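Descriptive analysis of the structure
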Amino acid sequence: MSINYENLAADGLEQIGATTSRGQLDQIAQQAAAAGWSYSHFLGRLLEPELAARRQRVIDTCLHFSGLPWMKRISDFDFSFQPSIDRTLIEELATGRFMSEGRNVVFQGPPGVGKTHLAIALGLVCSDLGHRLLFLTALDLVRRMKLAFAQNRMPHYMKMLTTPKLLIVDEVGYLGLDTQQASLLFQVICVRYEKQYSTIITSNKAFAEWGQVFAGDPIMASAALDRLLHRATVINIKGDSYRMREKRHAGLFPGAIALDPHPKGATPTIKTKSARR
């Protein structure tokens, strides 16, 4: 009789798609018998690897369709190099609560200060929570929207932009938008605002300059900012570029100072490179 129920359990797990639990059934059953587990203990232990595997599949699917250019976590960020950033605030954002509250995040600052790194790190938080996200540069977003408009597929593309729990629009303001592109970006901001879905923006432009971003239309820029900033956390990063720092450390600039890569506890070794004439 026991063998019949063991076979039934194995077949049942297969039928409901619990393949991970099916693969560990015999091993966990033996552990339960040897340790005298309760029925609920055995069931919980059997379901644990199955739930973990399903959760990982959800995360993998979210990442596969996310468009993230690379994987960088909050733990990879060098806060000591950017002291203007409130680390406590970043760690609060990394809890993911801003998404459940429908709040936006805007990272401002010059190129190379870590805006995209932090945006991607928050995107990984979103995927870890099992939520869909989409990462696009501002120019790529409007180019795709323009193509969708030309192909009469705008409703489909707008749905793709407004359905994810989190939309990351990178490099807003690096290149100017024409009137149609600015209008399409404004539509995305409006729809996501109404749905209370979070958007992360990275930009090198101060808000006073966003009229340039929206094709020189200050009214459209003001309306977009009104929606973005109504429920938003704004982080203005003031500091040097990471990429420039790495080049200076390597002494790649003519006349630059090559810094000792191990400055802690020792006097930096300084080598002055002369420019080639």
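Residues numbered from 1 in each chain as written. Predicted model: local features only at pLDDT ≥ 70, side-chain atom pairs only at ≥ 80, totals over all residues. Heavy atoms only, no water.

Comments concerning the nonpolar core
The criterion, for reference: To form a nonpolar core, buried Ala, Val, Leu, Ile, Met, Phe, Trp, Tyr and Cys residues must be joined to one another through side-chain atoms within 4.5 Å. Burial classes: relative accessible area under 20% of the type maximum marks a residue as buried, over 50% as exposed, and values in between as partly exposed (1.4 Å probe, protein chains only). Put simply, DSSP H or I for four residues or longer makes a helix, DSSP E for two residues or longer makes a strand, and each gets a number counted from the N terminus. Any two residues whose heavy atoms approach within 4.5 Å are treated as being in contact.
If you look at the biggest cluster of nonpolar residues, it comprises 32 residues, and the most contacted ones within it are Leu-141, Met-145, Leu-161, Trp-210 and Phe-214. Put simply, the parts of the chain that give this core at least two residues each are β2 (133–137), α7 (138–150), α8 (154–162), β3 (166–172), α9 (179–195), α10 (210–213) and α11 (218–230). Residues contacting Leu-141, with those up to four places away along its chain left out, are Leu-136, Tyr-157, Leu-161, Leu-167, Val-169 and Leu-185.

Here we look at the pairing of strand β5 (residues 232–236)
Regular strands place side chains that alternate from one sheet face to the opposite one. Applied cut-off: Pairing between two strands requires that DSSP report at least two bridges joining them.
Only one face of β5 is covered, namely the one carrying Thr-233 and Ile-235; the face carrying Ala-232, Val-234 and Asn-236 has none of its residues buried. Pairing of strand β1 (residues 104–108) with β5, which is carried by five bridges, proceeds in the parallel orientation. Counterpart to Asn-104 in the pairing with β5 is Ala-232.

Points about the pairing of β3
For clarity, the threshold we go by: Here, the term right-handed applies to a crossover whose path from the first strand over the helix to the second runs clockwise when the strands point away from the viewer.
Burial of β3 is extensive: six of the seven residues sit out of reach of the surface. Bridging between β2 and β3 involves five bridges; their strand directions are parallel. Considered in β3, the bridge of Leu-134 is made with Leu-167. Taken together, the five bridges between β3 and strand β4 (residues 198–203) define a ladder with parallel strand orientation. Bridge assignment links Leu-167 to a residue of β4, and that residue is Thr-199. Between the parallel pair β3 and β4, the chain is carried across by α9, and the sense of this crossover is right-handed.

Topic: the layout of surface pockets
Selection criterion: Two kinds of site are reported from a 1 Å grid over the protein atoms alone, namely cavities, where a 1.4 Å probe fits but cannot get out, and pockets, open sets with protein on both sides within 12 Å along at least five of seven lines, and residues are called lining when an atom falls within 4 Å of a point. Grid points are joined across faces, edges and corners, and a volume is the space filled by probe spheres set on the points. Each residue gets one label: Ala, Val, Leu, Ile, Met, Phe, Trp, Tyr, Cys and Pro are nonpolar, Asp, Glu, Lys and Arg are charged, and the others, such as Gly, are polar.
Looking at the second largest pocket, its volume works out to about 340 Å³. Together, 15 residues line the second largest pocket, and Tyr-5, Glu-6, Ala-9, Leu-25 and Ala-29 are the ones closest to its centre. Top contributing element to the lining of the second largest pocket by residue count: helix α1 (residues 2–15), with seven residues. Classifying every residue of the lining of the second largest pocket by side-chain character gives nine nonpolar, three polar and three charged.

Observations regarding the side chain of Thr-233
Looking at the element boundaries, Thr-233 is found in strand β5. Excluding residues that lie within four positions of it along the chain, Thr-233 makes contacts with Leu-89, Leu-93, Arg-103, Asn-104, Val-105 and Val-106.

With respect to the packing of aromatic side chains
To keep things clear, this is the line we draw: For Phe, Tyr and Trp, where Trp contributes only its six-membered ring, two rings pair if their centres lie within 6.5 Å, and the inter-plane angle classes them as stacked under 30 degrees, edge-to-face over 60, or tilted in between.
One pass over the structure, following the stated rule, counts three aromatic pairs. Residues Phe-207 and Trp-210 carry aromatic rings whose centres are separated by 5.9 Å and whose planes lie at 65° to one another, so their mutual orientation is edge-to-face. Judged by its relative accessible area of 1%, Trp-210 is buried. Plain terms: the ring middles of Trp-210 and Phe-214 are 6.1 Å apart, the flat faces sit at 35° to each other, and that makes the pair tilted.

So, the environment of Leu-141
Take Leu-141: it is sitting in helix α7. Leu-141 sits in the buried class, given a relative accessible area of 0%. Sequence separation between Leu-141 and Val-169 is 28 residues, and the spatial gap between their C-alpha atoms is 7.8 Å.

So, the packing of α9 against α11
A pair of packed helices is characterised by two quantities: the angle between their axes and the separation of those axes. Put simply, the rule reads: A fitted line through C-alpha atoms serves as each axis, taken over the contacting stretch for helices, and the angle formed by two N-to-C directions is quoted from 0 to 180°. We call two directions roughly parallel when the angle between them is under 35 degrees, roughly antiparallel when it is over 145, roughly perpendicular when it lies between 65 and 115, and oblique otherwise. The handedness criterion is simple: a crossing whose near helix is rotated anticlockwise from the far helix by less than a right angle is left-handed, and one whose near helix is rotated clockwise is right-handed.
Axis separation between α9 and α11 bottoms out at 10 Å; the angle between their running directions is 30°. Considering their axes alone, α9 and α11 lie roughly parallel with respect to each other. Relative to α11, α9 is oriented so that their crossing is left-handed. Contacts from Ala-182, Ser-183, Phe-186, Ile-189, Cys-190 and Tyr-193 in α9 reach Met-220, Ala-223, Ala-224, Arg-227, Leu-228 and His-230 in α11. Taken together, the residues that form the contact of α9 with α11 break down as nine nonpolar, two polar and one charged.

Details of the confidence of the model for the chain
Under the convention used in this document: Confidence scores here are pLDDT values: one per residue, from the predictor, ranging 0 to 100.
Looking at the chain as a whole, its pLDDT mean stands at 88, while 86% of the residues score no less than 70. Mean pLDDT values for the elements of the chain range from 42 in strand β7 (residues 271–272) up to 98 in β1. Here residues 255–277 is a poorly scored stretch, pLDDT under 50, and it has 25 contacts once near neighbours within four places are set aside; other chains count.

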